[in-house]
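Here's the letter readout for the chains.
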Amino acid sequence: MAELSADNRGQQLLESDRKLQQARSNIMEATRTALETEETGFSVLTDLARQREQISRTTNEVDSINHSITQSRQVMLQMSRRAAIKRKALWVMIVLLLVTLVLVVYFLWIKKK
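Keep in mind the model is a prediction, meaning the values are calculated, not measured.

1. With respect to the overall build of the chain
Here is step 1 of the chain: Looking only at helices and strands, the chain features one helix and zero strands.
Here is step 2 of the chain: Computed over the C-alpha atoms, the radius of gyration of the chain is 48 Å, more than 25% above the 13 Å expected from 2.2 N^0.38 for a compact globule of 113 residues.
Here is step 3 of the chain: Seen through its principal axes, the chain has C-alpha atoms that stretch 160 × 15 × 10 Å.
Here is step 4 of the chain: The buried share of the chain, taken over its 113 residues, is 0%.
Here is step 5 of the chain: Charge-centre separation for the chain: the mean point of 17 positive side chains lies 43 Å from the mean point of 12 negative side chains.

Take a look at the structure:
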């Protein structure tokens, strides 16, 4: 019976050792997976930081373009207004010249008779 008990203990020790080795293997695998996950996380964070910087630059460029377009729109509006004023002034001068011409013709030819 003592021999059976020693064999039983030996098998229990072997089984415990196998389970311990399996647990160590599981722990090593979990550690490796955790390190790979950490590396992936750092890589993702680096990519996100780069993308955030790119989005920030793009936003600044869009704001700058928007500002330029607004200024251009204001300049175009001013040019349009000035052109309209110049057209009106030109028509007023044409009318005044025609009136003056009609008066000159009236006084020179019609009044003389």
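2. Observations regarding the pattern of salt bridges
Between side chains of opposite charge, a pair can form when the charged atoms approach closely.
Here is step 1 of the chain: Going through the model one piece at a time under the given rule, you end up with five salt bridges.
Here is step 2 of the chain: Measuring nitrogen to oxygen at the nearest pair gives 2.4 Å for the salt bridge that ties Glu36 to Arg32. Taken together, the residues span about one helical turn, with Glu36 and Arg32 both in helix α1 (residues 2-110) at a distance of four residues.
Here is step 3 of the chain: When its relative accessible area of 40% is taken as the criterion, Glu36 is described as partly exposed.
Here is step 4 of the chain: Exposure remark for Arg32: the relative accessible area of 38% places this residue in the partly exposed category.
Here is step 5 of the chain: A salt bridge links Arg57 to Glu53, with the shortest nitrogen-to-oxygen separation between them at 3.9 Å. One end of the pair, Arg57, and the other, Glu53, are both in helix α1, four residues apart, so they sit about a helical turn from each other.
Here is step 6 of the chain: Each of Glu29, Arg32 and Glu36 takes part in one network of salt bridges that share partners.

Rules and cut-offs
Residues numbered from 1 in each chain as written. Predicted model: local features only at pLDDT ≥ 70, side-chain atom pairs only at ≥ 80, totals over all residues. Heavy atoms only, no water. Helix = DSSP H or I, 4+ residues; strand = E, 2+ residues; numbered from the N terminus. Rg over C-alpha atoms; globule rule 2.2 N^0.38 Å. Buried < 20%, exposed > 50% of the residue type's maximum accessible area, 1.4 Å probe, protein only. Lys, Arg positive; Asp, Glu negative; His and termini not counted. Charge placed at Lys NZ, Arg CZ, Asp CG, Glu CD. Salt bridge = Lys/Arg side-chain N within 4 Å of Asp/Glu carboxyl O.

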